[in-house]
Amino acid sequence: MMNFEGVGLAFTSFHMHEHPLTLTFLCYVLACAVVLFSDRFALPARERRRHAPPFTWAAATTDALARLPIIALVFTGFFAISWRPFYAASATISLFVIFTGISRAKFRFIREPLVFSDIALVADVFKYKTIFYANSLNIVFWSASFLYVFGASALYMYFEPHLLPSSNRLGWIVLLLMAAEVPWFLLFYGPVNRPVADMVQRLVGKPNVKISTIRFGTFGSVVFHFIIWLGRRREQIIAELSGLFLSAVQDLIGHDADNKAPLVIVWQSESFIDMRHCGVSEIKLPTIDRLQKLAAQWGRLATVFEGGYTLRTEFAVLSGLVPDDLHVDASYPYLRASHYTDVVWPTKLKNAGWTTHFIHPYARTFFLRHKAMPQLGFQKMTMLEDFDHDPVRDGPYVSDAALVQRVLDDIEDQSDAKGSFLFVASMANHGPWEPDRVKGLTDPVKIYLDILQQSDKALGRLVDHLDRLDRPVWLVFYGDHAPLLKSFADPFPDPRTDYFIVPLGAARTAQHGPTFPRNEAPWKLLESLLKHANLQKDTLQ
């Protein structure tokens, strides 16, 4: 145990020698040394070797110096509320180490270090602990956290003498608080933010979270990417993306306007992957086998992210945009959904007179979908509150059987006078796959396989109904990412999921025959669908 009385005497002795500036500076240097040393542990050594840029002393020195102002601002903030240099050093080190530890834990779980947009998900992590596999954030976690933060702070406040000058104390407190906090607030002020963002952009280069974490540490990477994100203006984003998107739209050709208007259903199946690709032979998926035979195009789908972050795949499909082209928006595009309103597919379809409907049996505020989806062109949303779902009775998520029924009800209420676009994001396959989620099963892999088969059966009912309609129907089915099924594979040897573009109802032709598999990217799915459906380019301008 630390002898706090002895430490206090040491603090007093140093203070009595009247070297407060020297003491404070040395504590800052100590904080910098520990932070720069500990930053390297945000990623495993193998990942650091794999992604680290070529080493040069000039680059390493520049990257280290770039972190010092951030450390200084954090140190100044803690010093401003305490006027105790050892406390400021300890608190600064703790903050950076905590960020590093969270980043390392996140990487172990889903192979991505902490990104700035994760801060926007903090409230969701605590609100929806199950979906984030965060059930350990319980009373024990909170008790230990509060004990460390407030207990350690109280000990420092008691044993370490402050360095606050005896005269004009209020003035000194206000001055230092302003020095610590005003620079952060100025980042939100355009005339300051834009040149700072440009400078940071030149320093960071093309945003890459792994490379930035290696170069600047977790907290430095988070701050720099956030500054760049703040500096990205709507007109800049649209100018960069509109040409890419419009060229794809203008390549489309037409459908016969005299026919009944088409129905397009995009079914995003949560955590779906055909486990037979992975050597699992006991699973039976007859509907998937049927879709393969009926499909105009099918195959393996590249994953935007493995094991999580459904919104990234979801946005790639809806927007037709390559994630790398989204710059710092790629990690959480719904934070700025309004910036993409004019270039996404649902808006194009809505402007062409189609109805657009987003169906997702989960909380509407999760991933900010309640704000994002209307901005992305969806006229109607059906979310969890629209389902009769009791977690105790029905399990943690709405089943695909219940979801299919809701989709069928919506189709029955539709008119075939104009095109209809339904985007359905399921939840049934999502983990965790805990014991007794499926009655009598305890093994996560067997639970996952059983739920897949239940979803396949529900999908079969949807396909049967769609195929009986007398209007052109196109079904796009795909898995958003491989499951986070660590007891089976970590990582999956091949994280690609499966997709099918299937003509049904009046869209089927007698000439249709089997097709060969084709690899595809999520951002190409709707473009491929519209080409197969022979839609007029003029209807999508």
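About the thresholds
- Residues numbered from 1 in each chain as written.
- Predicted model: local features only at pLDDT ≥ 70, side-chain atom pairs only at ≥ 80, totals over all residues.
- Heavy atoms only, no water.
- Axes fitted to C-alpha atoms, helices over the stretch in contact; angles between N-to-C directions.
- Helix = DSSP H or I, 4+ residues; strand = E, 2+ residues; numbered from the N terminus.
- Parallel < 35°, antiparallel > 145°, perpendicular 65-115°, else oblique.
- Left-handed = near helix turned anticlockwise from the far one by under 90°.
- Contact = heavy atoms within 4.5 Å.
- Nonpolar A, V, L, I, M, F, W, Y, C, P; charged D, E, K, R; others polar.
- Phe/Tyr/Trp six-rings, centres within 6.5 Å; stacked < 30°, edge-to-face > 60°.
- Buried < 20%, exposed > 50% of the residue type's maximum accessible area, 1.4 Å probe, protein only.
- Lys NZ or Arg CZ within 6 Å of the ring centre and 35° of its normal.
- Pairing = 2+ DSSP bridges.
- Expected span 1.5 Å × (residues − 1).
- pLDDT = per-residue confidence, 0-100.
- Patch = residues over 30% accessible without salt bridge, like charges linked within 9 Å, V, L, I, M, F, W, Y side chains within 5 Å.
- Areas by Shrake-Rupley, 256 points an atom, 1.4 Å probe, with all protein chains shown as cover.
- Salt bridge = Lys/Arg side-chain N within 4 Å of Asp/Glu carboxyl O.
- Polar contact = N/O pair within 3.5 Å; in protein donor to acceptor, adjacent residues only side chain to side chain.
- Core = buried A, V, L, I, M, F, W, Y, C linked by side-chain atoms within 4.5 Å.

(A) Just the packing of helix α17 (residues 400-412) against helix α18 (residues 444-467), in detail. Axis separation between α17 and α18 bottoms out at 8 Å; the angle between their running directions is 15°. Between α17 and α18, the crossing angle belongs to the class labelled roughly parallel. α17 and α18 meet at a crossing whose hand is right-handed. For the pair α17 and α18, the contacting residues are Asp400, Ala401, Val404, Gln405, Val407, Leu408, Ile411 and Glu412 in the first and Ser455, Ala458, Leu459, Arg461, Leu462, His465 and Leu466 in the second. For the contact of α17 with α18, the per-class residue count stands at 9 nonpolar, 3 polar and 3 charged.

(B) Geometry of the packing of aromatic side chains. Following the criterion strictly, the structure yields 32 aromatic pairs and no others. Measuring from ring centre to ring centre gives 5.0 Å for phenylalanine 216 and phenylalanine 224, while their planes differ by 85°; the resulting arrangement is edge-to-face. Summarising the burial analysis for this pair, phenylalanine 216 and phenylalanine 224 share the class buried. Where tyrosine 332 meets phenylalanine 367, the ring centres are 6.1 Å apart and the plane angle is 75°; that geometry is what we call edge-to-face. A residue pair is termed long-range when its members are at least 10 positions apart, and tyrosine 332 in the loop between α13 (310-319) and α14 (345-351) and phenylalanine 367 in the loop between β3 (355-359) and α15 (369-375) qualify at 35 residues. Under the relative-accessibility criterion, tyrosine 332 is labelled buried at 3%. Here phenylalanine 367 falls in the buried class, since its relative accessible area comes to 5%. Positioned over the ring face of tyrosine 309 is arginine 312, at 4.0 Å from the centre of the ring. Over the ring of tryptophan 229 we find arginine 336; its NZ or CZ atom is 4.2 Å from the centre of that ring.

(C) Main features of the sheet that holds strand β5 (residues 420-425). Across the sheet, which stays open at both edges, the 7 strands sit in the order β2-β7-β6-β1-β5-β3-β4 with mixed pairing between neighbours. Strands at the two margins of the open sheet, each flanked by one partner only, are β2 (297-301) and β4 (380-382). For this sheet, the mean angle separating the axes of adjacent strands, direction not counted, is 15°. Note that strand β1 (residues 263-269) and β5 share 6 bridges and pair parallel. Within the sheet, the bridge partner assigned to valine 264 lies in β5 and is phenylalanine 421. Contacts from α18 reach β1, β6 (472-479) and β7 (497-505), with the element oriented near 30° to β7.

(D) Expanded view of helix α4 (residues 57-82). Here α4 contains 26 residues, and its C-alpha end-to-end distance of 37 Å stays within 8% of the 38 Å for a straight helix at 1.5 Å per residue. Residues of α4 that are buried include every one of Asp63, Ala66, Arg67, Ile70, Ile71, Val74, Phe75, Gly77, Phe79, Ala80 and Ser82, and no others. Tryptophan 83 occupies a position one or two residues after α4 and carries a positive phi of about 55°.

(E) Representation of the environment of glycine 299 in the model. Secondary-structure assignment places glycine 299 in strand β2. Counting along the chain gives 219 residues from glycine 299 to arginine 518, while the straight-line C-alpha distance between them is 4.8 Å. Not counting residues up to four positions away in its chain, the partners in contact with glycine 299 are Thr497, Asp498, Tyr499, Pro517 and Arg518.

(F) Local environment of the confidence of the model for the protein chain. Here the protein chain averages 88 in pLDDT, and 89% of its residues register 70 or above. Low pLDDT (under 50) marks residues 1-7, which in the prediction has 4 contacts with non-local residues, meaning those over four places away or in another chain. When the criterion is pLDDT under 50, residues 11-17 qualifies, and its contacts beyond four places in sequence or with other chains add up to 9 contacts.

(G) Seen up close, a nonpolar patch on the surface. A cluster of nonpolar side chains, namely Ile98, Ile102, Phe146, Tyr148, Val149 and Phe150, defines an oily patch on the protein surface of about 590 Å² accessible area. Going through the elements one at a time, α5 (85-110) and α7 (139-159) are the ones with two or more residues in the nonpolar patch. Of the residues forming the nonpolar patch, the biggest block, 4 residues, is contributed by α7. Within the secondary structure layout, phenylalanine 146 lies in helix α7.

(H) Geometry of the pattern of salt bridges. In total, this model carries 26 salt bridges according to the counting rule given. Lysine 486 serves as the salt-bridge partner of aspartate 490, at 3.1 Å between the closest nitrogen and oxygen. Classification of aspartate 490 by relative accessible area gives partly exposed; the value is 41%. Taking the shortest distance from any N to any O, the salt bridge between arginine 496 and aspartate 494 comes out at 2.8 Å. Owing to a relative accessible area of 24%, aspartate 494 belongs among the partly exposed residues under this scheme.

(I) Spatial organisation of the pairing of β7. Within β7, 9 of the 9 residues are buried, leaving the element largely enclosed by the surrounding structure. As judged from the 5 bridges shared by β2 and β7, these two strands associate in the antiparallel manner. Bridging from a neighbouring strand, glycine 299 pairs with tyrosine 499 of β7. Direction of pairing for β6 relative to β7: antiparallel, over a ladder of 7 bridges. Paired with tryptophan 474 across the strands is proline 503, a residue of β7.

(J) Expanded view of the side chain of histidine 481. Within the secondary structure, histidine 481 is located in the loop between β6 and β7. At 3.3 Å, the side chain of histidine 481 and the side chain of glutamate 270 are in polar contact. Excluding anything up to four places from it in sequence, histidine 481 contacts Glu270, Ser271, Phe272, Thr303, Phe305, Gly307, Gly308, Thr310 and Thr497.

(K) Up close: the nonpolar core. Counting residues in hydrophobic clusters, the biggest one holds 55 residues, and the most contacted among them are Val266, Tyr334, Phe421, Phe423 and Tyr478. Counting only elements with at least two residues in this core, the list comes to β1, α13, α14, α15, β5, β6, β7 and α19 (525-532). Beyond its immediate sequence surroundings of up to four residues, phenylalanine 421 is in contact with Val264, Val266, Leu318, Pro346, Leu349, Trp354, Thr355, Thr356, His357, Phe378 and Leu526. In terms of nonpolar packing, the next biggest core, distinct from the first, is built from 48 residues, Ile273, Leu285, Tyr448 and Val473 among them.

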